[in-house]
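Survey of secondary and tertiary structure
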Amino acid sequence: MAWETPFLELGITPGSHFDADGKPLPNPDGVLYPTMDSYLLGNATERTKTMVAMESGTHNWLDDMARDNPHFRQYSLTAQGGSKRVGFYISGNYQNNEGVMKDNSYERLYLRAKLNAKLSENVELGINVTPQYITQEKSTANFQLGLPYDNFMPIYHNEFTRFLTRSTYNIGDYTRSLHFDTGTPTLTWEQYEAWKEGKLDAIPDGNPTARLSNSSSTNPISKQQERSNTYDEFRISAFMSLKWDITKKLYFNTTANSYYKTVENNITETEYYNRYENRKASNYIRSISLFTNENTLNFKDKIGDHGITALAGFTEEITNYNYHRIVGSNIPKGMPLTLNNATLISQDGDETFAYPEMEVLLSALFRVMYDYKGRYLFSGSVRADGSSIFAEGKRWGYFPSLSAGWRLSEEPLMDDVEWLSNLKLRTSYGLSGNNSIAKYSYLDRLVARNYSDAEGQVIAGLGSQNLSKSNPDITWEKTNQVNAGLDIGILKNRVTLNLDCYYTLTDDLLLQQTMPVSTGFQSVWQNVGRIKNQGVEMLVNIVNIDKKDLYWGMNFNFSQNQNKVIDFGGQYQMFSYGKRANEYLMQVGLPVSNIYGWKTDGIFNSLEELNNSPHSDDDIVGSLRRVDLDGDGKITEADKTIIGNPVPKLNWGFGHEFKYKGFDVSLLFEGLHDFDIYNLDYYNAAMRDNIGELYKDAYVDEFHGSKPTAWGGVKWEYTDHILYDGSYIALRNLSLGYTLNKKTLDRLPFTRVRVYFSAANLYHYIYGDYCGINPEFKDAYHNSVLKGGEQSYTLPLERTFTFGLDLKF
Amino acid sequence: MIKNNIRILILALAAVLLSSCESLFEKASMPECFTPGEAFYNNADEINLGIVGCYNGLQAPLNTEFFLTEVRSDNAKATPSASYESVQMICHLDGFFPQSSNNYIEDYWSDTYANIQNINTVIDQIDVVTDDELKRHFKGELMMLRAYHYFNLVRLFGPLPIYESPTKVSELDDYFIKTRSSVDEVYVLIESDLKYAAANLADEPHNKEAGRVTSWAAKALLGRVYLTEEKYTEAELYLSDVYTKSGHELEADYSNVFTEEESKELLFYVRYAANMGNIGSPFANYFAPIKSVNAVVQGDGKGYNYPTDDLIYTFQERQDPRGDSVSFKTSFLNESGAEIDHLSGGAYCLKYLSQPELVFDAENDFPVLRFADVILMLAEVKNELEGPAAAAPYLNEVRARAGVNPYLDVTTRSAFKDTLLLERRLEFSFENLRWFDMIRFGKAEEIMSAHFGNSATDAEYLDPTEVDGKAQVQNFLPLGTDRLLLLIPEREIKANPNMTQNIYK
């Protein structure tokens, strides 16, 4: 498939824009330099670039890097059976996916065996083992790398580029941007023709030189082909459970699970990988071992109309992490790319390291549930959690909860209401905890900070890690939640509705509070502030038709959430920073995450306009014109304001299911609304390449170009210029299937045969102004409540077509 | 009976569980690879590890210091690089219109304050050293490094927030409302730190380790501080002491200063070492011409700290041997054998060039204070106190070593001062002294205004692929005193409502 991005190179046809001397011709409207491309074609740089492109054949880096139609294959086989006392289940699953990029693949073998056995009348044993092997190659050349790379350049040097670069490079060598940087000779059309006819052996003296390319990126194809990045992953989970029925009303259950995972990542680079010509190898092993043990004592009884169940339990969870990495370089040419051939092993602690980490979570739980005639339901529970994430004395958190329900439909009064099959009101209150922060955040840590003596020996030294200040006082973040819900089922549950409203107050927020950097730290871990969340969730299921040969069902879900900062430890606001030092504002009284920056209003079209408008020292002609919000005649930090919010205000899904005889069809639509995306990819592309389609109308001079230049002025990521509304409606899934009828099956050795076709992400209706390649990307901050919405080096949304066959014996 | 047994059993079980909880938590809380901070320092050896860490902390700010000093002076300029975005911010510094969000300003500020915090942490724990002499020496080293940092900061930013003790969570609230102390208050701290260091440091570096400071380094730096404060009598006291008694001396050959390990000329310098993991110098690659591939330095150059035409011509006019091929080169041969000259981006600083095996990992140390500076500062002091006749011999001592004619035309104090400033430019190019010298001599506005004025016809600040530097620069001509200070980083301002900004008119 051709990547339909807005970034594709212009199709330039020489001769149509300029005469034989390389002077630009007026376009049909008689206007000289009407657009960026014809303006640029008039000069020697663009002329020579065009020659290179003509000699090399037009190509597109994205097409070169990406697979046309990556294939995914998946097979699974399941068997189950057993006797009265012993039951088994075995399944095997094999998956082989090609990636979007040519150097991208994924293969997985996953097995699962389950065994249940009744050891005696009152003891039951369960065993569950899942071995798994995954091997994959991850792409080295990121998808977005193709965007900012000059399309006039061929992948490899050819006769013409060798000629042009004064025979510095050999035919077949990878081209690099710097081969066409400052000092590259230019040619006239006559000289080019002469070369073609074999009449020009060398670049004539006195030809002006130019800078044809200025990208800092590496040739993406050399990246793909000369670097290998493989992952081998082994996982096994062994689970065992033992249930002992002590009496009819009381049983004891214990489970144990051991999980081990090791991932070995090998990266090798040949001398052709990039311009540094260094042969490298690295090996990185990460392993995780997890042991979980859960013990519960359960009680269940019914005395007349009173039902009671109770549970008391204790669980422990121990996780060990190990990280080992070695990076070697300067492997002599001709020697295999392995670590033992490296003549230099990096001593940089960021590259070569080995360290363990450990985390322990212990919990005790007690829960009681009571019901009267199945009509009035009550439950109460309390749990205590102890986490090694926090310091001694701060480890334990206690979390109670209470709930009550009333099944109105069970009331005798309602017996007459035939159409109502279920009506339930419920409400709950609960306190829950959050400890999901980096391990050892409570601990001041020293890291190696060495020096050296005159003999070339390392002198060991230690110093603080100066990013985040530890805080021994941090403890569980606590969320109080009040919930009210309603469940309705009518017409024998043909129509059901579940409605939930919630209101939560989160206290002692666990967050990295931004510090004045003069303290020596960027941030500090704190339990600070209070946030309110309120929202509605709704789920509706309707069976429209349910007949022997015809079925039509539909479902609709919808959720909406609003949050607000109530208090922030006595402070009014806090700024935090994204990938490009772009700002987010958290302020009392506002939603938690706000994108902060300058509003813009077009560009400065002339020096006169610039001088007569509010501006800042770094503004240049052609750059974005910012709005002077405080009206002081200057553009300053004080003119920044909230320009967007990365959190969707509303999301919903709408699905249908039809069945007619053996055929089935299902559809699912989803929508996400009113959220902002920082499209840094757009910025990257425009930065590097002034002649992309997207950049066609960039500022040239007073009369030409209306879009901002990326070559100066305010950085786009501090403004609303690259901020887009990402709202969309997606046809998430469409599937068609056919199941063989019983008559046909009788003649076959199967109990069920179904063929199907499904398509994921078939269509996106993006009605916001977003123009990138994936409005559903996950950004680096998807765990942070403070930041989000930054799209950088995003992979395109995958549209998957699946053909499948289900067979059952 | 049975009930009792069960009760005992449950209690015993609970006790076992609880104790196993605690031991599990204990095990998880102390991974062997992390050394908990403040509680770590228990003896002199451990304090020494912390001090070495503080020396390491000198490297980070130095890696951006030239952007704020040499590049802003008439010695060097921003140069185009492939990643335009980063160069844009250097151009802003070069042209005196940085924004408060400028990366280089912010990095310098945060790296310097990070090391001040490291230093404060070790000073706070210094009492675990039982040997009193060693303790005073260690404390002297730390206070000297702290003074060095504050001295750089106060000259670049003016009034500063002062931190004299380690950052503590219990004092967080104060940090969010801290105000800037006046320049005078900062100098009080610098002086008192350096006086302590001068009085308590030994004359030899600890363990004879290269790069560690001595009483002579502290005295020389104190001399520089007094000179900056125009306290000439005090300056003379310390500088003469270093000049006559320190045992430091000029290298016979100027170029040896930058190639010799542990040169006798160096009083205070920042160590870099190659192939040791993260303690190599980035300057070989930073300063080599951009896209010179491997022609100048293995792993390509970035073209930072690019010599101005003005600097190159200043050396050429005087035929000063410290210039071409010693302090800098004016051209290089690229891989296809073509010569790229200084007008096409081929010039580069030569003082920190050695061939690294890895990018940004070269060997050369960076001088902070060398004996030639002590001599020229002494000339400056003598000129102020006694006049040019008394000062000239010192100047000529440095000139003699450089192999240039002595300066004999002794007339007025102010004429001598001009000569001295020029001499310092020739002697210390690319050593991050030029900017501070121009300020100390009261010439920064004048020299820089003239520099931009002269460049009007020069391609230097006019490359159309660069930022529209020229048009911008002209807006601020003549350069006003307001723009001599850098802006306080925006992050600092945003995190603290009491932090005031330096205002550009």
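Residues numbered from 1 in each chain as written. Chains lettered and ligands numbered in written order. Predicted model: local features only at pLDDT ≥ 70, side-chain atom pairs only at ≥ 80, totals over all residues.

Our focus in this paragraph is the overall build of chain A. When its secondary structure is counted, chain A shows nine helices and 40 strands. The burial tally for chain A puts 28% of its 809 residues in the buried class. When contacts within chain A are restricted to residue pairs at least 6 apart in sequence, those whose partners lie at least 24 apart make up 64%. (Helix = DSSP H or I, 4+ residues; strand = E, 2+ residues; numbered from the N terminus. Buried ≥ 20, exposed ≤ 12 C-beta atoms within 10 Å, placed from the backbone. Contact = placed C-beta atoms within 7 Å.)

Scanning chain B from terminus to terminus reveals 19 helices and nine strands. With 505 residues in all, chain B has 54% of them scored as buried. Long-range pairs, those at least 24 residues apart, make up 66% of the contacts in chain B with a sequence separation of at least 6.

Turning our attention to the sheet that holds strand S23 (residues 510-514) of chain A. Residue and element names in this part refer to chain A. Across the sheet, three strands lie side by side as S20-S24-S23; this open sheet has mixed pairing. With one partner strand each, in any of the chains shown, strand S20 (468-469) and S23 form the two edges of the open sheet. In the sheet, S20 pairs with strand S24 (residues 523-527) via two bridges, with the strands oriented parallel. If you follow Ser-468 over to S24, its bridge partner there is Ser-523. (Pairing = 2+ DSSP bridges.)

Quick look at helix H5 (residues 103-124) of chain B now. Taking 1.5 Å of rise per residue, 22 residues should cover 32 Å, and H5(B) covers 31 Å from first to last C-alpha, within 8% of that figure. Within H5(B), 18 of the 22 residues are buried, which leaves it mostly tucked inside the rest of the structure. (Expected span 1.5 Å × (residues − 1).)

Residues and elements named next belong to chain A. With respect to the helices, strands and loops of the structure, Arg-407 is situated in strand S14 (residues 396-407). You can call Arg-407 partly exposed: it has 19 C-beta atoms within 10 Å. Excluding its chain neighbours within four sequence positions, the residues that come into contact with Arg-407 are Gly-374, Arg-375 and Lys-424.

Residues and elements named next belong to chain A. Judged by pairing direction, the sheet is antiparallel, and its four strands sit side by side in the order S27-S28-S29-S32 without closing on themselves. The open sheet terminates on both sides in strands that have one partner only, identified here as strand S27 (573-577) and strand S32 (641-644). Across this sheet, the average inter-strand angle for adjacent strands is 45°, counted without regard to direction. In this structure, strand S28 (residues 583-587) lies alongside strand S29 (residues 594-597), joined through three bridges in antiparallel fashion. Each bridged residue has a counterpart across the sheet, and for Glu-583 the counterpart in S29 is Tyr-596. (Axes fitted to C-alpha atoms, helices over the stretch in contact; angles between N-to-C directions.)

All right, on to the domain arrangement of chain B then. Residues and elements named next belong to chain B. Taken domain by domain, chain B consists of domain 1 (33-182 + 469-505) and domain 2 (283-349). If you look at the interface, domain 1 gives 10 residues, while domain 2 gives 11 residues. For the side of domain 1 that touches domain 2, the class distribution of residues is four nonpolar, three polar and three charged. (Domains from an automatic or database assignment. Nonpolar A, V, L, I, M, F, W, Y, C, P; charged D, E, K, R; others polar.)

All names here are of chain B. Membership of the largest hydrophobic core comes to 167 residues, with the highest contact counts inside it found for Met-144, Ala-147, Leu-194, Ala-217, Ala-218, Leu-221 and Ile-375. Counting residues per element, this core draws most heavily on helix H6 (residues 132-157), at 13 residues. Both domains that meet at this core, namely domain 1 (33-182 + 469-505) and domain 2 (283-349), each give it at least three residues. Contact partners of Ala-218, with chain neighbours within four places excluded, come to Gly-140, Met-144, Leu-194, Ala-197, Ala-198, Leu-201 and Val-213. (Core = buried A, V, L, I, M, F, W, Y, C linked by C-beta atoms within 7 Å.)

The next thing to look at is the confidence of the model for chain A. All names here are of chain A. Of all residues in chain A, 90% have pLDDT values of 70 or greater, and the mean over the chain is 84. Per-residue pLDDT, averaged within each element of chain A, yields its smallest value for helix H1 (residues 36-41) (43) and its largest for strand S22 (residues 495-507) (95). For the stretch residues 1-41, pLDDT sits under 50, and the model shows 77 contacts to residues farther than four places along the chain or on other chains. Every residue in residues 687-694 is under pLDDT 50, and counting partners more than four places away or in other chains gives 28 contacts. (pLDDT = per-residue confidence, 0-100.)

Right, let's talk about the packing of helix H9 (residues 215-228) of chain B against helix H13 (residues 371-385) of chain B for a bit. All names here are of chain B. At a minimum axis distance of 11 Å, the contact between H9 and H13 shows a crossing angle of 35°. The two elements H9 and H13 meet at a crossing, and its hand is left-handed. From H9, Ala-220, Gly-223, Arg-224 and Leu-227 reach across to H13, where they touch Val-374, Met-377, Glu-380 and Val-381. Residue composition of the contact of H9 with H13, grouped by class: five nonpolar, one polar and two charged. (Left-handed = near helix turned anticlockwise from the far one by under 90°.)

Looking now at the packing of H13(B) against helix H15 (residues 413-427) of chain B. For any two helices packed against each other, one specifies the inter-axial angle together with the distance between the axes. Residue and element names in this part refer to chain B. Between H13 and H15, the shortest axis-to-axis distance is 10 Å and the interhelical angle comes to 170°. Classified by the angle between their axes, H13 and H15 sit roughly antiparallel to one another. Here Ala-372, Leu-376, Ala-379, Glu-380 and Asn-383 of H13 come into contact with H15, specifically with Arg-413, Phe-416, Lys-417, Leu-420, Glu-423, Arg-424 and Glu-427. Of the residues assigned to the contact of H13 with H15, the class counts are five nonpolar, one polar and six charged. (Parallel < 35°, antiparallel > 145°, perpendicular 65-115°, else oblique.)

The next subject is the interface of chain A and chain B. Each partner contributes residues to the interface: chain A has 72 residues there, and chain B has 84 residues. Counting only elements with at least two residues in the side of chain A that touches chain B, the list comes to strand S10 (306-329), strand S12 (353-372), strand S16 (445-448), strand S17 (451-452), strand S18 (458-459) and strand S19 (462-464) of chain A. Here the element with the most residues in the side of chain A that touches chain B is S12(A); it accounts for seven residues. Among the residues forming the side of chain A that touches chain B, the class breakdown is 29 nonpolar, 27 polar and 16 charged.

The next subject is the pairing of S29(A). It is a general feature of regular strands that their side chains alternate between the two faces of the sheet. Residue and element names in this part refer to chain A. Burial along S29 is two-sided: Asn-594 and Tyr-596 and Ile-595 and Gly-597, pointing in opposite directions, are all buried. What sits between S28 and S29 in their antiparallel hairpin is a turn of six residues, with Gly-589 showing a positive phi close to 95°. As paired elements, S29 and S32 share three bridges and run antiparallel to each other. Bridge pairing links Ile-595 to Gly-644 in S32.

Residue and element names in this part refer to chain A. Two strands pair when backbone bridges link them, and strand S3 (residues 105-120) and strand S4 (residues 123-137) are joined in this way by 13 bridges, in the antiparallel orientation. In the sheet register, Asn-116 faces S4, and the bridge partner there is Gly-126. Linking two consecutive strands that pair antiparallel, namely S3 and S4, is a turn of two residues. As paired strands, S4 and strand S7 (residues 227-245) are joined by 15 bridges and run antiparallel to one another. Residue Glu-137 lies in a different strand from S7, and its bridge partner there is Thr-230.

We now examine unusual backbone geometry. Phi is positive for A:Leu491, which is not a glycine, with a value near 50°. Tracing the chain through its elements places A:Leu491 in the loop between strand S21 (477-490) and S22. Judged by the 13 C-beta atoms lying within 10 Å of it, A:Leu491 is partly exposed. Within the chain, B:Phe360 stands out as a residue other than glycine whose phi angle is a positive 60°. Residue placement: B:Phe360 occurs in the loop between strand S8 (348-349) and strand S9 (366-370). In this structure B:Phe360 comes out as partly exposed when scored by C-beta crowding, with 16 C-beta atoms within 10 Å.

This next bit is on the environment of A:Phe575. Note that A:Phe575 resides in strand S27. Distance from A:Phe575 to A:Ser56, taken between C-alpha atoms, is 50 Å for residues 519 residues apart in sequence. Residues contacting A:Phe575, with those up to four places away along its chain left out, are A:Thr514, A:Glu583, A:Tyr584, A:Leu585 and B:Lys494.

All names here are of chain B. Summing up the model confidence of chain B, the mean pLDDT is 87 and the portion of residues at 70 or higher is 88%. When the elements of chain B are averaged for pLDDT, helix H18 (residues 469-475) gives the smallest value, 46, and helix H8 (residues 183-200) the largest, 98. pLDDT under 50 marks residues 462-472. Its contacts with residues more than four places away, or in other chains, come to 19 contacts.

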